[in-house]
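The residues making up each chain are set out below.
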There are 2 protein chains.
Amino acid sequence: MSALEDDRALLDRTSTAEKVADILRVRIIEGGFAPGTQLGERLIENALGVSRNTLREAFRLLTHEGLLVHQLNRGVFVRVPSVEDVADIYAVRRLVECAAVRRLGSDDDLGVELDRIAETLHAAERAEREEDWLDLGTANIRFHQEIVALSGSPRVDALMRRVLAELRLVFHVMADPQRFHEPYLSRNREIFDLIKSRDHRGAARELERYLDDAERELTEAYTAKRARTP
Amino acid sequence: MSALEDDRALLDRTSTAEKVADILRVRIIEGGFAPGTQLGERLIENALGVSRNTLREAFRLLTHEGLLVHQLNRGVFVRVPSVEDVADIYAVRRLVECAAVRRLGSDDDLGVELDRIAETLHAAERAEREEDWLDLGTANIRFHQEIVALSGSPRVDALMRRVLAELRLVFHVMADPQRFHEPYLSRNREIFDLIKSRDHRGAARELERYLDDAERELTEAYTAKRARTP
DNA sequence: GCATATTTGTCCGTATGTATA
DNA sequence: CTATACATACGGACAAATATG
């Protein structure tokens, strides 16, 4: 549990509960706690040096973000997304991401935003060269988060942050998440180029195909896994 | 504060913090605590007979639902939605509600769902006859919640529940919320009839007009109020 | 600007209730 | 059925920040 102790250095910003939640969130998203793991209060309380009350507040935050599930009088566990969750996650993605792209005005000035998205794509390509599949997955997902951010709605943004965090959990449940993201990188670039050339309709169409393919592949890998571990 | 004490009778279901949150949520949504009101810990702790820790957990829940805002070392306050919030709320509504209606399959069996929506419309008409404007507002909003529920996505459903709860706050900030909902009831019925006759495209178009009008009227009432109370 | 009172943030000890071996 | 482990909830403590005079 020494890795957790390293994180104590980060405890210096806002409210303690939020900070603890930040630490746990990163750890969960990166796979440090596998889906299904119970997060006992005693355990982490001692490791992070915070009280139970504070820790419970952090748990509440993450539970409402969908990363943890809370069972009354049993405790909190890292969520294990079901196949139905995968379907719903992609339903939301189709709804929100495609609408965000389609509704872009052709006269809006997206200079700064597009630069940031380009930078994310570069980060993804860098990760691919270095064969860092975790970073590649992170960058790929951030790409889609930034696509949605183009719509400029804080609430849609927050929804998407939640849904994409849950998607990270799905990846951890998958059989072989390592190379899953690689083929999608070039498709992200394709979508980006279409947006840049202001072909929003074409971008939305390509995005929809992207999501269809990803969902299908994910569902297959998922059910295959379930077949092996019942 | 005796009205709060009456609510103690309802304390009999899940976790205490959740129950407290339920009580406060209803009270906030129905206008018992006006936007901007501070919810002191001592005050409610004594009124509901729960400990401070539990109460703080309930506050966290409501803060993450967007009904309360938390200021560090100052406490929690009932949120005062800004004009920008109104715009964003309606952006989300346009995105989600119209898409939900438009994507309805013409072969789906919506019997049970449509019956429930019809019942909500009846409740609204009943409230109108009795001139109970609070109930009318509740029923009108529930109508839209149920429209979204037709899409069958738990995540979209949860998003909408949150956004519509925030909208209730907007109504409480408004100058004269009483009769605001009345003209929209007949338009809801119109939308419902279009859905029932499976003219989903027409329903979506009518819904979009509805939302445009509502947002405009709301924004005007809002800025008028702000002009009077700076 | 200063001193005081109030409120919040955090933590701890403990008693009770609940689930599981 | 008992025992154990754990979560839930409470009450009290103190430091830190804020509001008040």
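Note that this is a predicted model, so its numbers are computed, not measured.

Caption draft 1: Structural detail: the protein's contact with DNA strand C. Around DNA strand C, 17 residues are found, and the nearest of them are A:Thr16, A:Ser51, A:Thr54, B:Glu41 and B:Gly75. Of all elements in the fold, only helix H2 (16-29) and helix H4 (52-64) of chain A together with helix H3 (41-48) of chain B reach the threshold of two or more residues within the surface near DNA strand C. A class-by-class count of the residues in the surface near DNA strand C yields three nonpolar, ten polar and four charged.

Caption draft 2: Seen up close, the relation of the copies chain B and chain A. Take chain B, turn it by 180°, move it 0.1 Å along the axis, and it overlays chain A with an RMSD of 0.2 Å. What we have between these two chains is a two-fold relation. When C-alpha positions in chain B are compared against the rotation axis, the closest is assigned to B:Glu57, at 3.2 Å. Both copies share a contact surface, since 100% of the interface residues of chain B are interface residues in chain A too.

Caption draft 3: Main features of H2(A). All names here are of chain A. Compared with an ideal rise of 1.5 Å per residue, which puts 14 residues at 20 Å, H2 spans 20 Å between its outermost C-alpha atoms and is within 8% of the ideal. Turning to H2, its buried residues number three or more, namely Ala17, Lys19, Val20, Ala21, Ile23, Leu24, Ile28 and Ile29. Following H2 by one or two positions, Gly31 has its phi on the positive side, about 95°.

Caption draft 4: Seen up close, the domain arrangement of chain A. Residues and elements named next belong to chain A. Taken as a whole, chain A is organised into domain 1 (2-78) and domain 2 (83-228). The interface of domain 1 with domain 2 comprises eight residues on the first partner and eight residues on the second. Taken together, the residues of the side of domain 1 that touches domain 2 break down into four nonpolar, two polar and two charged.

Calculation notes
Residues numbered from 1 in each chain as written. Chains lettered and ligands numbered in written order. Predicted model: local features only at pLDDT ≥ 70, side-chain atom pairs only at ≥ 80, totals over all residues. Near = placed C-beta within 6 Å. Helix = DSSP H or I, 4+ residues; strand = E, 2+ residues; numbered from the N terminus. Nonpolar A, V, L, I, M, F, W, Y, C, P; charged D, E, K, R; others polar. Least-squares fit on C-alpha atoms with pLDDT ≥ 70 in both. Contact = placed C-beta atoms within 7 Å. Expected span 1.5 Å × (residues − 1). Buried ≥ 20, exposed ≤ 12 C-beta atoms within 10 Å, placed from the backbone. Domains from an automatic or database assignment.

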